There are 2 protein chains.
Amino acid sequence: MNKEKPVILITNDDGIKAKGIASLVEAVKDLGQIVVVSGDQSFSGMSHAITVKHPIYIKDLGVMDGVQYYRTNGTPVDCVKLALHTILDIHPDYILSGINHGSNSSISVHYSGTIGAAREGCLHGIPSVGFSLMSYDADADFEQSKQVVRSVFLKLLDEGLEPNTFLNVNIPDSPKLAGIKLCRQAKGKWQEKFLERVDPRGRKYYWLTGSYAGLEPEATDTDEYFLQKNYATVVPCIIDVTHFDTLKIKGDSYAL
Amino acid sequence: MNKEKPVILITNDDGIKAKGIASLVEAVKDLGQIVVVSGDQSFSGMSHAITVKHPIYIKDLGVMDGVQYYRTNGTPVDCVKLALHTILDIHPDYILSGINHGSNSSISVHYSGTIGAAREGCLHGIPSVGFSLMSYDADADFEQSKQVVRSVFLKLLDEGLEPNTFLNVNIPDSPKLAGIKLCRQAKGKWQEKFLERVDPRGRKYYWLTGSYAGLEPEATDTDEYFLQKNYATVVPCIIDVTHFDTLKIKGDSYAL
């Protein structure tokens, strides 16, 4: 692989056959040398998980339309690690993850496999972005999302990112996009409800379901606010999660 | 369940049979009503993952020594959600996770299932702490760790936490503890190396291995620094991962 164009590693958490990852490739294909490394199945909700209990296989699917494809049975974070350390003979210049089928705004940043991959890229010092469309439909319309991806990526090519940060981009599933806003992560919570059922052997089992509830409905500067106003949102995210205010307030005081 | 004593939910990512979770129970048993909800296997490296592709079972193991035990096939974050929404008829006052067999300092905060559970507690507004001992030995000596757990938890009972924060506590595996320090997360990276092997059918497969490399060896205020000096470390952690400096520098400027 030579370096005439930037090398862009693309992954996702919906698996290599998802419409979202094909749309992401289409959005940036002319802007770099694209390598796709993605899972053989959905890894939604896998957060920053890595695979430690079973080995990982890699299948080289070859080149299609100038794009090199690899399929693995690893999580999104595994895909990034495999790409960097085993698959590629060159460090990628950018890592793009998505386009996820479903929102990753607000606190969903912590559950998302899409964002896990972007965070992992950041941990390796590579400018990385996770993209999500607010539709869980397998056949969702990604045309507008592709424009947002391209716009955000062109800005990234031009300006770069602050050190040790990555981007969490969410895109409304609406035909009338109002624009793109850089903003903060909204405070919210998932209100879980477990569906209880009984299996054929008489044992109860549970399915996790839930709905998002915003915790700051008055705020006008959050991703949730702007998404409701039909803006795509860009939240710059950190990897150092220290709460420095606590250090200021408490000093280093602890006693055994 | 009545409220004479605080209700303490205990979970971990090494599974309900781990010595670490038994040690955590022992450390705080007299300070509250203890409910343990933990996995039927190890969920190391599962980060903040939730289970969405298969249903979850809960096994009521009954009361032993005044402690109620439940076993599930869910991740650490699932265990917290199940406890809050299905198992308990009362909201726990505190969530303690661990004691993990192995360090979760520096950027390991992002990979750790132990910390996932503590973060999930925080997302539900419950003061939560993840504890980790710097030994992967299944039969590690947790005596000193129990003292650290107790000391940190008594301080938590007394002072509480700043809103929307939780604690990541790491404990050296050394007989000579120098003390406990409140400090920041060190910058570092995992240098992965995939072991390549060939299965009986001739297919290559890979095991993830790696070693931690610090990125700020001169710093004297990080968890890595203090752990090397034989201090237990307490890093207060946030759930809002917005990089506010980027918002200040860039404003909300984006154009399609």
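What counts as what
Counting restarts for each chain: residues are numbered from 1 in the order of the written sequence. Chain letters start at A and ligand numbers start at 1, both assigned in the order the entries are written. Restriction of local features to residues with pLDDT of at least 70 applies here, the model being predicted, together with a cutoff of 80 or more for giving and counting side-chain atom pairs; totals for whole chains, interfaces and linings are based on all residues. In this text, helices come from DSSP runs of H or I with a minimum length of four residues, and strands from runs of E with a minimum of two, each type numbered from the N-terminal end. Radius of gyration: over C-alpha atoms. The globule rule applied is 2.2 Å multiplied by the number of residues raised to the 0.38 power. Partly exposed residues are those falling between the two cut-offs: more than 12 but fewer than 20 other C-beta atoms within 10 Å of their own, whereas 20 or more means buried and 12 or fewer means exposed, with C-beta atoms placed from the backbone. Residues are defined as contacting one another if the C-beta atoms placed from their backbone atoms lie within 7 Å. Gly is placed with the polar residues, together with every amino acid not listed as nonpolar (Ala, Val, Leu, Ile, Met, Phe, Trp, Tyr, Cys and Pro) or charged (Asp, Glu, Lys and Arg). Any two strands with at least two DSSP bridges between them are considered paired. Lines fitted to the C-alpha atoms define the axes, with helices restricted to the stretch that makes contact. Angles between their N-to-C directions range from 0 to 180 degrees.

Novice: Teacher, can you tell me more about the overall build of chain A here?
Specialist: The helix and strand inventory of chain A stands at six helices and eleven strands. In summary, chain A has a C-alpha radius of gyration of 19 Å against a globular reference of 18 Å for 256 residues, a match within 12%. C-alpha extents for chain A along the principal axes are approximately 55 × 55 × 50 Å. Relative to its full complement of 256 residues, chain A shows a buried share of 54%. Long-range contacts, defined here as pairs at least 24 residues apart, represent 76% of the contacts in chain A between residues at least 6 apart.

Novice: Explain unusual backbone geometry here, please?
Specialist: Only a minority of non-glycine residues have a phi that is not negative, and only a minority of peptide bonds are not trans. For the bond from A:G98 to A:I99, the omega torsion is -15 degrees, close enough to zero to count as cis. Checked against the element boundaries, A:I99 lands in strand β5 (residues 94-101). In this structure, B:S47 takes a positive phi of about 55 degrees despite not being glycine. Along the polypeptide, B:S47 turns up in the loop between β2 (33-39) and β3 (58-64). Assessed through the 31 C-beta atoms surrounding it within 10 Å, B:S47 is described here as buried. With a phi angle near 50 degrees, B:S106 is a residue other than glycine that sits in the positive phi range. Checked against the element boundaries, B:S106 lands in the loop between β5 (94-101) and α3 (113-123). Given 28 C-beta atoms within a 10 Å radius, B:S106 is considered buried.

Novice: Sorry if this is basic, but what is going on with the interface of chain A and chain B here?
Specialist: At the interface, 65 residues of chain A touch 66 residues of chain B. Residue composition of the side of chain A that touches chain B, by class: 32 nonpolar, 18 polar and 15 charged.

Novice: How should the sheet that holds strand β11 (residues 231-238) of chain B be read in this particular structure?
Specialist: Residues and elements named next belong to chain B. Read from one edge of the open sheet, nine strands run β3-β4-β2-β1-β5-β6-β7-β11-β8, paired in mixed fashion. With partners counted over all chains shown, the strands left at the sheet margins are β3 and β8 (179-182), one partner each. Adjacent strand axes in the sheet meet at a mean angle of 20 degrees when their direction is disregarded. In the sheet, strand β1 (residues 7-11) pairs with β2 via four bridges, with the strands oriented parallel. Pairing of I8 across the sheet is with I34, part of β2.

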